[in-house]
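One-letter residues, chain by chain:
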Amino acid sequence: MFKKIFAACTAASLLAAAPAAWSAPAAARDNMSHALAVTGMVETPLTLKVADLRQLPPANGGEIAVTRHNGDKAETITSYRGVRLRDILDKAVLDAPGHNDVKKLAIIATATDGYAVVFSWGELYNAPAGEGVIVYYEKNGKALDDNDGEIALISAKDIRTGPRHVKWLNGIEVRKLVE
Ligand SMILES: Nc1nc2c(c(=O)[nH]1)N[C@H]1C(S)=C(S)[C@@H](COP(=O)(O)O)O[C@H]1N2
Ligand SMILES: [Mo]
């Protein structure tokens, strides 16, 4: 009884505060990423729009099952057009002059909603995973819509591909983690 009243009051006060606090579900907001900024430890920071991504060496492919961390299926991508993250980093040129500098680099992929995932240089350049880390702008034959785009990233060789599937990708930051 008391709990019920309490719950009702809480709901009422939340509603009263609604204009400031309420926000639409993620997919209904404009989360669209209109460009990808490549920043941090690079010689040439870049801002890439879809048209710029189309100029880079293409990495197009077929089926990728997007699976959540618990194994549930989120979606199946039947085809995609994109670019390997490695090729984007090579265009920006990693700022790592010392022989061992690259090995200390983390590459962080961020999205307009604050979602972020981490890669390492070793993973992207010196492991099988790197081949499958793709920044893509077309899915199933069409430009990405509000649900993932305009630009997204996926690490296709991950065991569960959901966690490092970054929708609304808008940043690639290169950070040196160790001095
Ligand atoms: N930008 C962004 N990308 C994201 C997420 C997110 O919250 N924001 N969630 C991730 C998670 S945890 C999963 S499992 C996959 C699939 O989620 P979906 O079911 O929402 O497509 O998207 C991933 N990409
Ligand atoms: Mo997830």
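Quick look at the structure, then. Note that the structure is a prediction, hence the values are computed from the model and not measured. (Residues numbered from 1 in each chain as written. Chains lettered and ligands numbered in written order. Predicted model: local features only at pLDDT ≥ 70, side-chain atom pairs only at ≥ 80, totals over all residues. Heavy atoms only, no water.)

Cis geometry marks the peptide bond from Gly 149 to Glu 150, where omega comes out at 10 degrees. Relative to the helices and strands, Glu 150 is located in the loop between β9 (142-143) and β10 (152-155). Residues other than glycine seldom take positive phi values, yet Val 93 does so here, at roughly 65 degrees. Phi is positive for Trp 168, which is not a glycine, with a value near 55 degrees. Relative to the elements of secondary structure, Trp 168 occurs in the loop between β11 (165-166) and β12 (169-176). (Helix = DSSP H or I, 4+ residues; strand = E, 2+ residues; numbered from the N terminus.)

Time to look at the environment of Pro 128. Positionally, Pro 128 belongs in helix α6 (residues 128-131). Owing to a relative accessible area of 64%, Pro 128 belongs among the exposed residues under this scheme. As for Pro 128 and Lys 157, which are separated by 29 residues in sequence, their C-alpha atoms are 7.9 Å apart. (Buried < 20%, exposed > 50% of the residue type's maximum accessible area, 1.4 Å probe, protein only.)

Turning next to the site of ligand 1. Around ligand 1, a shell composed of Arg 68, Ala 74, Ala 111, Asp 113, Tyr 115, Gly 162, His 165, Lys 167 and Trp 168 is seen. One of the side-chain nitrogen or oxygen atoms of Asp 113 is found 2.7 Å away from a nitrogen atom of ligand 1. One nitrogen or oxygen atom from the side chain of Lys 167 is found 2.7 Å from an oxygen atom belonging to ligand 1. For ligand 1, whose free accessible area comes to 520 Å², the fraction covered by protein is 72%. Mapping ligand 1 onto the cavity grids shows that it belongs to the largest pocket. Looking at the shell around ligand 1 residue by residue, the class counts come to 4 nonpolar, 2 polar and 3 charged. (Near = heavy atom within 4 Å. Polar contact = N/O pair within 3.5 Å; in protein donor to acceptor, adjacent residues only side chain to side chain. Areas by Shrake-Rupley, 256 points an atom, 1.4 Å probe, with all protein chains shown as cover. 1 Å grid on protein atoms, 1.4 Å probe; cavity = no way out; pocket = protein on both sides within 12 Å on 5 of 7 lines; lining within 4 Å. Sits in = over half its atoms within 2 Å of the grid points. Nonpolar A, V, L, I, M, F, W, Y, C, P; charged D, E, K, R; others polar.)

Using the criterion set out here, one finds 11 salt bridges in the structure. Among the salt bridges present, the one from Glu 131 reaches Arg 86, with a minimum N-O distance of 3.1 Å. Residue Glu 131 is found in helix α6, and its partner Arg 86 is found in helix α4 (residues 85-92); the two are separated by 45 residues along the sequence. Relative accessible area serves as the criterion here: at 18%, Arg 86 is assigned to the buried category. (Salt bridge = Lys/Arg side-chain N within 4 Å of Asp/Glu carboxyl O.)

For the rest of this paragraph, the subject is the nonpolar core. Residues Leu 85, Ile 107, Leu 153 and Ile 172 are the most contacted members of the largest nonpolar core, which totals 33 residues. In this structure Ile 172 touches Leu 36, Ala 37, Val 38, Thr 39, Leu 85, Leu 89, Ile 107, Ile 108, Ala 109 and Leu 153, once residues within four positions along its chain are discounted. The next biggest cluster of nonpolar side chains, apart from the first, holds 10 residues, and it includes Val 66, Tyr 80, Ile 134 and Ile 154. (Core = buried A, V, L, I, M, F, W, Y, C linked by side-chain atoms within 4.5 Å. Contact = heavy atoms within 4.5 Å.)

Here the focus is the packing of aromatic side chains. The full count for this structure, using the stated rule, is 2 aromatic pairs. The interplanar angle of 15 degrees and the centroid separation of 5.8 Å between the aromatic rings of Trp 121 and Tyr 125 together place this pair among those described as stacked. Here Trp 121 pairs with Tyr 125, and both are found in helix α5 (residues 121-125), just 4 residues apart, close to one helical turn. By relative accessible area, which is 18% here, Trp 121 ends up buried. (Phe/Tyr/Trp six-rings, centres within 6.5 Å; stacked < 30°, edge-to-face > 60°.)

This part covers the pairing of β12. Judged from the 4 bridges that link them, strand β1 (residues 36-40) and β12 form a sheet pairing that is parallel. The residue of β12 that forms the bridge with Val 38 is Ile 172. Here strand β6 (residues 105-111) runs beside β12; their pairing, made up of 7 bridges, is antiparallel. Note that in β12 the partner of Ala 111 across the bridge is Leu 169. (Pairing = 2+ DSSP bridges.)

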